[in-house]
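# Secondary and tertiary structure notes
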Amino acid sequence: MTKELYENDLVFADTMNVLFFDGESMIRAQDLSPLDPTEEHTIFDDDFVSITESEEKTDKTQRKAEAFSNQKYRDVLRMLQTQNGKLEVRIIVGAEIQSHIHYAMPIRNFEYDALNLSRQLSARQKYNRENHLLKSRNEFLSGIKKGETFTPVLTVVVYLGKETWDAPKTLHEMFNLDGVPETLLAYVPDYRTAILQPENVTSKQLARMKSPLRHILGVIKASTNWQDMNNYVNQNKKDLSHLDSLTAGIISEACNMNIPKQELEKEDVNMCEALVQLKEIGRQEGLSEGKIEGKVLAYLEVGKSDDWIIDHLQITQEKLDEILNNQ
């Protein structure tokens, strides 16, 4: 469902604007155009050796068994190209949509982007050779002309889970860098990952959003606290009473609401009642949590042991430690 959601370029634009421009409308839906999300590159053992076109055709036919092909499938890929008075940029942007935390995300996205750049390089080499644009020995060797540039590539992560993203956000965080001197570390490649997650989106950013992503992020963020959910429903009752089926379905899945399928198949879905029920469940859980915490503290004050409290209240040692650590 989220991949279908991101076919809407307004959703992609909102994502970019929140991540990089504090929600301000610097990127518009019309600035984005779809690209094939398949990242594939085939490498031959002498891919960079300059030979004539006829020789290249014969040679590659003979070398098929020696080729290595790497293929990956992104969730979404767009070309961002804009000259709107506020921003002038041309860049390729991919989005990986996660419902769960992925602990290898920097390596995964680094590979996507590297494959894209490799494909750009191969296409440029082919074009230059077919059009006899290479003049010097060094240009023949590399397949590109001196000073040629390529379109930059980046991949953003859209995380629609309730838990805090605790996975590495950079490539360096995944390396064992113990003892590596700064002079050497400066040349170890790094890769930074931009992550959009509900808990980090501010009220100002949500208010600036123009796509259905606004309420998806807003509800997921509010769902971790019943008071926040109560406030969010009251402030957005008009919109939440008329959600499209795709947006309602994503919210239902992300928040484990188990809304009946027939309700979600309606063109106009009223989520208010279901969200109020979710809020009430959260409130009851909060009250229950408060009662347990109060009992633990009361028993400790009268000298009851940890083992006695665990047995009497039927809680785990981890739960007891959590309550004590929060005091």
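Described below are features of the structure shown in this document. (Residues numbered from 1 in each chain as written. Predicted model: local features only at pLDDT ≥ 70, side-chain atom pairs only at ≥ 80, totals over all residues. Heavy atoms only, no water.)

Counting secondary structure elements, the protein chain contains 15 helices and 7 strands. Long-range pairs, those at least 24 residues apart, make up 65% of the contacts in the protein chain with a sequence separation of at least 6. As presented, the protein chain carries roughly 19,200 Å² of accessible surface, and 50% of it is formed by carbon and sulfur atoms. (Helix = DSSP H or I, 4+ residues; strand = E, 2+ residues; numbered from the N terminus. Contact = heavy atoms within 4.5 Å. Areas by Shrake-Rupley, 256 points an atom, 1.4 Å probe, with all protein chains shown as cover.)

The next point concerns the pairing of strand β5 (residues 88-98). Burial runs high along β5: 8 of the 11 residues are buried. Looking at chain direction, strand β4 (residues 76-83) and β5 are connected through 8 bridges and run antiparallel. Counterpart to Val76 in the pairing with β5 is Ala95. Between β4 and β5, which pair antiparallel one after the other, the connecting turn spans 4 residues, and Gly85 there sits at a positive phi close to 90 degrees. (Buried < 20%, exposed > 50% of the residue type's maximum accessible area, 1.4 Å probe, protein only. Pairing = 2+ DSSP bridges.)

Of all 7 residues in strand β6 (residues 153-159), 6 are buried; the element is thus mostly enclosed. As paired elements, β6 and strand β7 (residues 194-196) share 3 bridges and run parallel to each other. Opposite Val156, over in β7, you have Ala194 as the bridge partner.

Glancing now at the sheet that holds β4. Read across the open sheet, the 5 strands follow the order β1-β4-β5-β6-β7; overall the sheet is mixed. Looking at strand neighbours, the two that pair on one side only are β1 (32-34) and β7, the edges of this open sheet. For this sheet, the mean angle separating the axes of adjacent strands, direction not counted, is 30 degrees. Against the sheet, helix α4 (residues 105-130) touches β4, β5 and β6, its axis set at about 145 degrees to β6. (Axes fitted to C-alpha atoms, helices over the stretch in contact; angles between N-to-C directions.)

What the rule picks out here adds up to 3 aromatic pairs. Seen in terms of ring centroids, Phe110 and Tyr191 are 5.6 Å apart; in terms of plane orientation they differ by 70 degrees. Their pairing is edge-to-face. Note that Phe110 is positioned in helix α4 and Tyr191 in the loop between α6 (182-185) and β7, a separation of 81 residues in sequence. When its relative accessible area of 11% is taken as the criterion, Tyr191 is described as buried. Here the aromatic rings of Tyr159 and Trp165 are separated by 5.2 Å at their centres, their planes lie at 70 degrees, and the arrangement is edge-to-face. In this structure Trp165 comes out as buried when scored by relative accessible area, which is 4%. Across the ring face of Phe150, the terminal group of Arg124 is positioned such that the distance to the ring centre comes to 4.6 Å. (Phe/Tyr/Trp six-rings, centres within 6.5 Å; stacked < 30°, edge-to-face > 60°. Lys NZ or Arg CZ within 6 Å of the ring centre and 35° of its normal.)

Considered for burial, the residues of helix α15 (residues 317-325) that qualify are Lys319, Leu320 and Ile323. The arc enclosing the buried residues of α15, seen along the axis, measures out at 100 degrees, which places them on a common side. With respect to the buried face of α15, the exposed residues turned more than 90 degrees away are Glu318 and Asn325. (Arc of directions from axis to C-beta.)

Relative placement of two packed helices is described by the angle separating their axes and the distance separating the axes. The contact between helix α8 (residues 213-222) and helix α11 (residues 245-254) brings their axes to 10 Å, and the two run at 20 degrees. As far as their axial angle goes, α11 and α8 are roughly parallel. Judged by the twist between their axes, the crossing of α8 over α11 is right-handed. In contact with His215, Ile216, Val219 and Ile220 of α8, α11 contributes Thr247, Ile250, Ile251 and Ala254. Its residues placed into classes, the contact of α8 with α11 shows 6 nonpolar, 2 polar and no charged. (Parallel < 35°, antiparallel > 145°, perpendicular 65-115°, else oblique. Left-handed = near helix turned anticlockwise from the far one by under 90°. Nonpolar A, V, L, I, M, F, W, Y, C, P; charged D, E, K, R; others polar.)

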